[in-house]
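Structural overview
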Amino acid sequence: MATTRNNINLYNIKTRYAGISVSDSGGNGLPVLLIHGNSSCKEVFLHQINQLKGKYRVLALDLPGHGLSSNATEPRQAYSMLAYAHTVIEALEKIGINRVVVFGWSLGGHIGLEMLALFPKMIGLMICGTPPVSVGADNVALGFRPGLGLAGKAEFTEEDVKNFVSDTYGVNAPQDPFIVEAVVRTDGLARQYMFEAFLSPQATDQTLLAETSEIPLAIVNGAHDPYINFDYIAGLKYRNLWQGKVFNLAGIGHAPFWEAPELFNPVLVEFLKEF
């Protein structure tokens with residue numbers, strides 16, 4: 001059953017592993033899908049939805065175990081980057097999306113990278129806070145700075161929640177109540193199982209996907225992101241890197257679209273003009 005809030009349609013889509021909550025601005029414009037990060041929710045894209053709606057059909061969803069979506073019925077199978085990608089694709093197919101540009105943040109960016117190999121209807125991808133890494137714990141470590149411990153922790157203490165929000169959104173970023181609520185709400189197994197799958201030998205080689213992507217790949221990071229290895233990201237040999245460079249927005253952390261939308265949104269808008 002669909003509801004409407006601030007002229008945005010909200011509805012739930014039944015998928016194999018979970019009921020997925022989707023916001024949809026509607027309209028006949030090019031569909032743009034926004035995929036949130038670990039322990040977040042679709043509302044984090046408020047500033048992008050408000051800017052893009054009207055010209056674009058802006059879609060955002062809560063991943064299984066996050067936000068208003070249900071927890072996964074089969075957690076071990078559902079909570080991985082690859083399985084998330086299949087769930088996102090299933091939702092898009094049920095909505096009837098035939099072409100889409102994706103912006104994925106952090107975990108959402110990894111999901112977008114997985115979709116490169118699975119979903120030819122994706123015609124452009126922007127990632128943020130998402131090092132494309134190869135298989136195995138040692139290779140994953142190359143893309144990140146030390147200190148990802150909370151990313152895979154199942155049970156958060158109050159102190160964990162506070163630190164996760166501060167590190168992820170930036171100490172100077174607005175910490176609206178919904179951000180803390182989203183972290184508290186997240187199924188802890190979603191963090192644990194996702195991270196275990198990310199480090200496993202069965203994971204996807206996302207470096208290969210990023211370097212061989214035929215569709216435009218935009219990479220836009222906050223230059224003060226505490227999680228990612230900038231030299232690693234810059235050193236990959238991309239086949240179709242948008243504008244031939246990685247964008248690092250000065251003075252911003254892991255969530256530039258939230259912390260400084262006035263700096264991030266113009267880059268996103270420019271990317272969308274390609275399509």
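A short tour of the structure in this document, coming up. (Residues numbered from 1 in each chain as written. Predicted model: local features only at pLDDT ≥ 70, side-chain atom pairs only at ≥ 80, totals over all residues. Heavy atoms only, no water.)

Counting its regular elements, the chain contains 12 helices and 9 strands. Here the chain has a C-alpha radius of gyration of 17 Å; the compact-globule value for 275 residues is 19 Å, and the two agree. Principal-axis analysis of the C-alpha atoms places the extent of the chain at approximately 45 × 40 × 35 Å. The 275 residues of the chain split such that 57% are buried. For the chain, the exposed area adds up to about 11400 Å²; of that, 52% sits on carbon and sulfur atoms. One way to put it: in the chain the 20 positive side-chain charges average out to a point 7 Å from where the 26 negative ones average out. (Helix = DSSP H or I, 4+ residues; strand = E, 2+ residues; numbered from the N terminus. Rg over C-alpha atoms; globule rule 2.2 N^0.38 Å. Buried < 20%, exposed > 50% of the residue type's maximum accessible area, 1.4 Å probe, protein only. Areas by Shrake-Rupley, 256 points an atom, 1.4 Å probe, with all protein chains shown as cover. Lys, Arg positive; Asp, Glu negative; His and termini not counted. Charge placed at Lys NZ, Arg CZ, Asp CG, Glu CD.)

Evaluated as defined, the whole model comprises 9 salt bridges. Salt-bridge contacts for Glu 90 lead to Lys 94; the nearest nitrogen and oxygen are separated by 3.5 Å. Of this pair, Glu 90 and Lys 94 both sit in helix H3 (residues 81-95), separated by 4 residues, roughly a single helical turn. For Glu 90, a relative accessible area of 23% translates into the label partly exposed. Look at Lys 94 and you get exposed, because its relative accessible area is 52%. Each of Lys 42, Glu 43 and Asp 62 takes part in a single network of salt bridges with overlapping partners. (Salt bridge = Lys/Arg side-chain N within 4 Å of Asp/Glu carboxyl O.)

It is worth spelling out unusual backbone geometry at this point. One non-glycine residue, Ser 39, lies in positive phi territory at about 60°. Within the fold, Ser 39 resides in the loop between strand E4 (31-35) and helix H1 (46-52). The exposure class of Ser 39 is buried, given its relative accessible area of 0%. For Gln 243, which is not a glycine, the phi torsion comes out positive at approximately 60°. Among the structural elements, Gln 243 can be located in the loop between helix H10 (230-235) and strand E9 (247-249).

A rise of 1.5 Å per residue sets the reference length of helix H8 (residues 188-199), with its 12 residues, at 16 Å; its end C-alpha atoms lie 17 Å apart and thus fit the reference within 8%. All of the buried residues in H8 are Gly 188, Ala 190, Arg 191, Tyr 193, Met 194, Phe 195 and Phe 198. Looking at the buried positions of H8, the neighbouring elements they touch are helix H2 (75-78), H3, helix H4 (107-116), helix H5 (137-142) and helix H7 (177-185). (Expected span 1.5 Å × (residues − 1). Contact = heavy atoms within 4.5 Å.)

Turning our eyes to something else, we now look at the packing of aromatic side chains. This structure, assessed with the given rule, holds 15 aromatic pairs. Relative to Phe 164, the ring of Phe 156 has its centre 5.6 Å away and its plane inclined at 50°; by these criteria the two rings are tilted. By the ring-pair criterion, three or more aromatic residues cluster together here, those being Phe 45, Phe 103, Trp 105, Tyr 169, Phe 257 and Phe 264. Between Arg 76 and the ring centre of Tyr 193, over which it is positioned, the NZ or CZ distance is 3.7 Å. Over the face of the ring belonging to Phe 156 we find Arg 191, whose NZ or CZ atom lies 3.7 Å from the ring centre. (Phe/Tyr/Trp six-rings, centres within 6.5 Å; stacked < 30°, edge-to-face > 60°. Lys NZ or Arg CZ within 6 Å of the ring centre and 35° of its normal.)

A separate point is the side chain of Thr 87. Among the structural elements, Thr 87 can be located in helix H3. Excluding residues that lie within four positions of it along the chain, Thr 87 makes contacts with Thr 15, Tyr 17, Ile 20 and Pro 64.

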